[in-house]
Each structure stands twice: as C-alpha cells, then as structure tokens.
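# Reading the structure
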Amino acid sequence: MHRIRSILGAAAAVGLGPALVSAQSVELVPQAGYAVFGDLWKGPLGTSVKGRNGPFYGVQVGINVSPAIAVVGNASFARTDLEAGLPFLGGTAFGTSEAVYFDGGLQLRLPMGSGASPFLQVGAGGVRHRLESGIVNVDATSPAFHVGGGVDLNLTRNLGMRMQVRDYISKFDAREAVLLDVEGATGHTVALTIGLRAAF
C-alpha cells in the first residue's frame, strides 16, 4: 500500500499544479500492462544487463485545458528479474530490478465523435532504478523522456477505456549505481498498457 500511495502522489505532483486553475476537467487513469525493458549496461562481445520483460503498472492524471490539449502526469512501477545477456546463452537471471518512472508532459487529442479519441503524448521526467543481487543493492536515478500514443474508447460521458503505448528513453546512471567510471547504456523501455479512464 505504501508503494501505491507513493505512485499516486508522484503522478499528482508532476507538472500539474499551475494547470489546476484553468482546468475544465480532470482525468484519472489507473493502468496495467506489459513492458519490454531497455538495456541498463552493454559490455563487450554482446554482453548486457537489463530487466527481464514483464508486468508494468501505473497511474496517469490529466488536466484538460481544452478539448484537444491536456497536461498529464504519470507514475509507473515495475519489478522483474535482473537479467544478464550472454552470447549464445541468452538471458540469465541473477537478481531483481525495480524501476519507478515519473514524468509530466502534454497530450494532444483528436476528438472523433462519441466512440473513440486517438491521442499523442510527449514529455520528460526520470526513472529510479533499484537493482538487487545477493547482498549487493544499488540505486540510480536518471533523466527520462517519453513519447507515446493511444486511443480512448468512450463508454459513457465520464468513463472509458484507455489503450496506449509509451517509449521511455533513458540512460542508466551507472556511475551513481556502482561509484565507478562505467558508462551506462541508453535504452528504450516500451510499455503497452490498458486502463480505466474516469473524468471528473
């Protein structure tokens, strides 16, 4: 419960305060799905370290400042196996990886009657990684950018389903994590989610 409250608080806090004054409506979208995680580190001869692909959870808050434009804040969480990529052997699990994504940005919606509304999103924020393997625990926070899009399927005036895909682009701060002069990889984490959209 503590983690869920933290995610909800982060989503509400990211970039939304100034927009509340002129907001026409507020949207809340809890969502879940599946993510393909990008590399955290790439080594010689095709070696790599990354989170194993798996479940992805989050919540999104949107402030509609016009029918076509919204300010959005997003917080998402994933916990999965930490995977070492080895030539000819594939991925080998050797620990766990936790990642918390938090960002704010703009959403552009194309209203198309009462049935469906496609949209695009772009923004920036950060990602907090915690890697655990045996007695070794490391943490690192890195800037992250995102681009994405999807479609809102309207069930009623204030309730609907949201399907979206997001590409989180970040470079793992290996120096912060291991305190050595090691260069992290720039990775793309692609998350496909579905959620319930409630407008107030």
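Residues numbered from 1 in each chain as written. Predicted model: local features only at pLDDT ≥ 70, side-chain atom pairs only at ≥ 80, totals over all residues. Heavy atoms only, no water.

### Quick notes on the overall build of the chain
A tally of regular secondary structure across the chain gives two helices and 10 strands. Burial statistics for the chain: of 200 residues in total, 44% are counted as buried. Total accessible area computed for the chain in this model is approximately 10,100 Å², and 69% of it derives from carbon and sulfur atoms. (Helix = DSSP H or I, 4+ residues; strand = E, 2+ residues; numbered from the N terminus. Buried < 20%, exposed > 50% of the residue type's maximum accessible area, 1.4 Å probe, protein only. Areas by Shrake-Rupley, 256 points an atom, 1.4 Å probe, with all protein chains shown as cover.)

### Some points on the pairing of strand β9 (residues 159-171)
Note: strand β8 (residues 136-154) against β9, 11 bridges, orientation antiparallel. Within β9, the residue paired with A144 across the bridge is S170. Counted along the chain from β8 to the antiparallel partner β9, the turn is four residues long. Inspection of the sheet shows β9 paired to strand β10 (residues 186-199) by 13 bridges, in the antiparallel sense. Looking at the pairing, D167 lines up with V190 of β10. (Pairing = 2+ DSSP bridges.)

### Let's talk about the environment of S133
Assignment of secondary structure puts S133 in strand β7 (residues 116-133). Judged by relative accessible area, which is 25%, S133 ranks as partly exposed. Residues S133 and A93 lie 40 residues apart in sequence; the distance between their C-alpha atoms is 9.7 Å. Setting aside residues no more than four positions away along its own chain, S133 makes contact with F94 and G95. (Contact = heavy atoms within 4.5 Å.)

### Thoughts on the nonpolar core
Within the largest apolar cluster, 10 residues are counted, these being A35, F37, F56, A78, A99, Y101, V127, A144, Y168 and A191. When near neighbours in sequence (up to four residues on either side) are disregarded, A35 contacts N53, G54, F56, T189, V190 and A191. If you look at the next biggest cluster of nonpolar residues, it comprises seven residues, including V49, L131, A140 and F172. (Core = buried A, V, L, I, M, F, W, Y, C linked by side-chain atoms within 4.5 Å.)

### Looking at a nonpolar patch on the surface
A grouping of I69, L106, L108, L120, V122 and V147 is seen on the molecular surface, where their side chains present a nonpolar patch of about 520 Å² in accessible area. Secondary structure elements with two or more residues in the nonpolar patch: β6 (90-109) and β7. Relative to the assigned elements, L108 resides in strand β6. (Patch = residues over 30% accessible without salt bridge, like charges linked within 9 Å, V, L, I, M, F, W, Y side chains within 5 Å. Salt bridge = Lys/Arg side-chain N within 4 Å of Asp/Glu carboxyl O.)

### Regarding the pairing of strand β1 (residues 25-36)
Relative to strand β4 (residues 54-64), β1 runs antiparallel, the two being bridged by 11 bridges. Looking at β4, one finds that A32 is bridged to Y57. Where β1 lies against β10, eight bridges are found, and the strand directions are antiparallel. Bridge pairing links Y34 to L192 in β10.

### Some points on the confidence of the model for the chain
Detailed conclusions should not be drawn from predicted coordinates in areas where pLDDT is low. Per-residue pLDDT for the chain averages 83, and the proportion of residues at 70 or more is 79%. Under a pLDDT of 50 for its full length, residues 10-23 has, in the predicted model, 26 contacts with residues more than four places off or in other chains. (pLDDT = per-residue confidence, 0-100.)

### A closer look at the packing of aromatic side chains
A complete count under the given rule lists three aromatic pairs for this structure. With centroids separated by 5.6 Å and ring planes inclined at 55°, the aromatic side chains of F56 and Y101 adopt a geometry described as tilted. With a gap of 45 residues between them, F56 in strand β4 and Y101 in strand β6 connect regions that are remote in the sequence. Residue F56 shares its accessibility class with Y101, and that shared class is buried. Where F56 meets Y168, the ring centres are 6.0 Å apart and the plane angle is 45°; that geometry is what we call tilted. (Phe/Tyr/Trp six-rings, centres within 6.5 Å; stacked < 30°, edge-to-face > 60°.)

### Details of the pattern of salt bridges
Applying the stated criterion across every chain yields a total of 12 salt bridges. Of the charged contacts in the structure, one is a salt bridge between D81 and R52, with a shortest N-O distance of 3.7 Å. One end of the pair, D81, is in strand β5 (residues 69-86); the other, R52, is in the loop between β3 (48-51) and β4, with 29 residues separating them in the sequence. By relative accessible area, which is 32% here, D81 ends up partly exposed. Among the residues examined, R52 registers a relative accessible area of 29% and is labelled partly exposed. With a shortest N-O distance of 3.2 Å, R109 and D152 are connected by a salt bridge. Residue R109 is found in strand β6, and its partner D152 is found in strand β8; the two are separated by 43 residues along the sequence. Here the two residues R109 and D152 agree in accessibility, since each one is buried. Each member of the salt-bridge network shares a partner with another, and the members are E27, R109, D152, R162 and R197.

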